[in-house]
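# Architecture and fold: a report
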Amino acid sequence: MRTRFLIPLLLLLLGFALSGGNCLLDEKVLDIVYLHKTCVDFEENEDSEVFTTPATVNYTEELDEVLDDNNIDKSDINSAHVVSASYMVTDFSQTDDWSITGEITVRRVDTGGAAVTLVTYTNQSVLDALNNSVPVVLDQAGVELLNQALEDYIAGTAAPVLMFAVENGDVDPSPSPSNRMVFDWRGCVAIHVVAGVSLEVPDPF
């Protein structure tokens, strides 16, 4: 997903520059905050309450795209960190609803290590989440793993590859081979990337 950046200050400065034609310009390095979302799609077709659905993301390629899309270099990045997460059911056409309970985990494929919890969902109605982005509380262990991956990327000490997995533990009512639970859903994690960008800005003094 393409990155969006927050530029109210830059718009103000641009307006000032256009209105004050005689103002001198001064080159300054400003911190710009870029918002990027990593989204993972899961397809469920289950006949049991307990199931695991994995999905692998080349996080290095995604972060490289952030740089390319915004014409910045890795050396320009001052910091990057996780800020939020959400999930949404993208396709569901069954008559009966399902209530699901479990967690979404994440682990580093590039460096190894165990999976840790990123998100916990409890008694989530599949129908209620259809085309509805549901914000979630992030687990600290998952946040720390993702933030470390970002730090490793910025430092150039690793090329992060992540594996996300749905680890479901309960469904009400219980699915069965004759009544399978079928739906698609998407989980998204948002990060802020703070980069220093050199710009010419008005200097009225």
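Just so we're clear, the structure is a prediction, and the values are computed from it rather than from any experiment. (Residues numbered from 1 in each chain as written. Predicted model: local features only at pLDDT ≥ 70, side-chain atom pairs only at ≥ 80, totals over all residues. Heavy atoms only, no water.)

So, about helix α3 (residues 140–155). Residues lying three or four places apart along an α-helix face the same way, a consequence of the helix completing one turn every 3.6 residues. Helix length check: α3, at 16 residues, gives a terminal C-alpha distance of 22 Å against a target of 22 Å (1.5 Å per residue), a fit within 8%. Considered for burial, the residues of α3 that qualify are Gly-142, Val-143, Leu-145, Leu-146, Asn-147, Ala-149, Leu-150, Asp-152 and Tyr-153. Taking the backbone nitrogen of Ala-141 as reference, a side-chain oxygen 3.0 Å away marks Asp-139 as the first, capping residue of α3. Count one or two residues on from α3 and you reach Gly-156, which has phi positive near 75 degrees. (Helix = DSSP H or I, 4+ residues; strand = E, 2+ residues; numbered from the N terminus. Expected span 1.5 Å × (residues − 1). Buried < 20%, exposed > 50% of the residue type's maximum accessible area, 1.4 Å probe, protein only. Polar contact = N/O pair within 3.5 Å; in protein donor to acceptor, adjacent residues only side chain to side chain.)

Moving on, we get to the nonpolar core. Ile-100, Leu-146, Leu-162, Phe-164, Phe-183 and Trp-185 are the most contacted members of the largest nonpolar core, which has 47 residues in total. Ranked by residues supplied to this core, first place goes to strand β9 (residues 181–203) with 7 residues. Not counting residues up to four positions away in its chain, the partners in contact with Ile-100 are Tyr-121, Thr-122, Asn-123, Gln-124, Val-126, Asn-168, Asp-170, Val-171, Met-181, Phe-183 and Trp-185. (Core = buried A, V, L, I, M, F, W, Y, C linked by side-chain atoms within 4.5 Å. Contact = heavy atoms within 4.5 Å.)

Position of Ser-174 among the secondary structure elements: in the loop between β8 (162–172) and β9. A relative accessible area of 45% means that Ser-174 is categorised as partly exposed. On a C-alpha basis, the gap between Ser-174 and Glu-46 in space is 10.0 Å, while along the polypeptide they are 128 residues apart. Not counting residues within four places of it along the chain, the set of residues in contact with Ser-174 comprises Glu-49 and Trp-98. A distance of 3.4 Å separates polar atoms of two side chains, one belonging to Ser-174 and the other to Glu-49.

Moving on, we come to the packing of aromatic side chains. Taken as a whole and judged by the stated rule, the model has 5 aromatic pairs. Put simply, the rings of Phe-42, Tyr-87, Tyr-121, Phe-183 and Trp-185 pair up and form one aromatic cluster. Taking NZ or CZ as reference, Lys-74 lies 4.2 Å from the ring centre of Tyr-153, over its face. (Phe/Tyr/Trp six-rings, centres within 6.5 Å; stacked < 30°, edge-to-face > 60°. Lys NZ or Arg CZ within 6 Å of the ring centre and 35° of its normal.)

The next thing to look at is helix α2 (residues 59–70). Compared with an ideal rise of 1.5 Å per residue, which puts 12 residues at 16 Å, α2 spans 17 Å between its outermost C-alpha atoms and is within 8% of the ideal. The residue sitting at the N-terminus of α2 and contributing the capping side-chain oxygen is Asn-58; that oxygen lies 3.2 Å from the backbone nitrogen of Thr-60. Once α2 ends, the next one or two residues include Asn-71, with phi positive near 55 degrees.

Before going further, it helps to examine the sheet that holds strand β6 (residues 116–125). Pairing within the open sheet is antiparallel, and its 4 strands lie in the order β3-β8-β5-β6. With one partner strand each, in any of the chains shown, β3 (51–57) and β6 form the two edges of the open sheet. Averaged over neighbouring strand pairs, the angle between their axes works out to 20 degrees when direction is ignored. Here strand β5 (residues 99–108) pairs with β6 via 7 bridges, running antiparallel. If you follow Val-106 over to β6, its bridge partner there is Val-116. (Pairing = 2+ DSSP bridges. Axes fitted to C-alpha atoms, helices over the stretch in contact; angles between N-to-C directions.)

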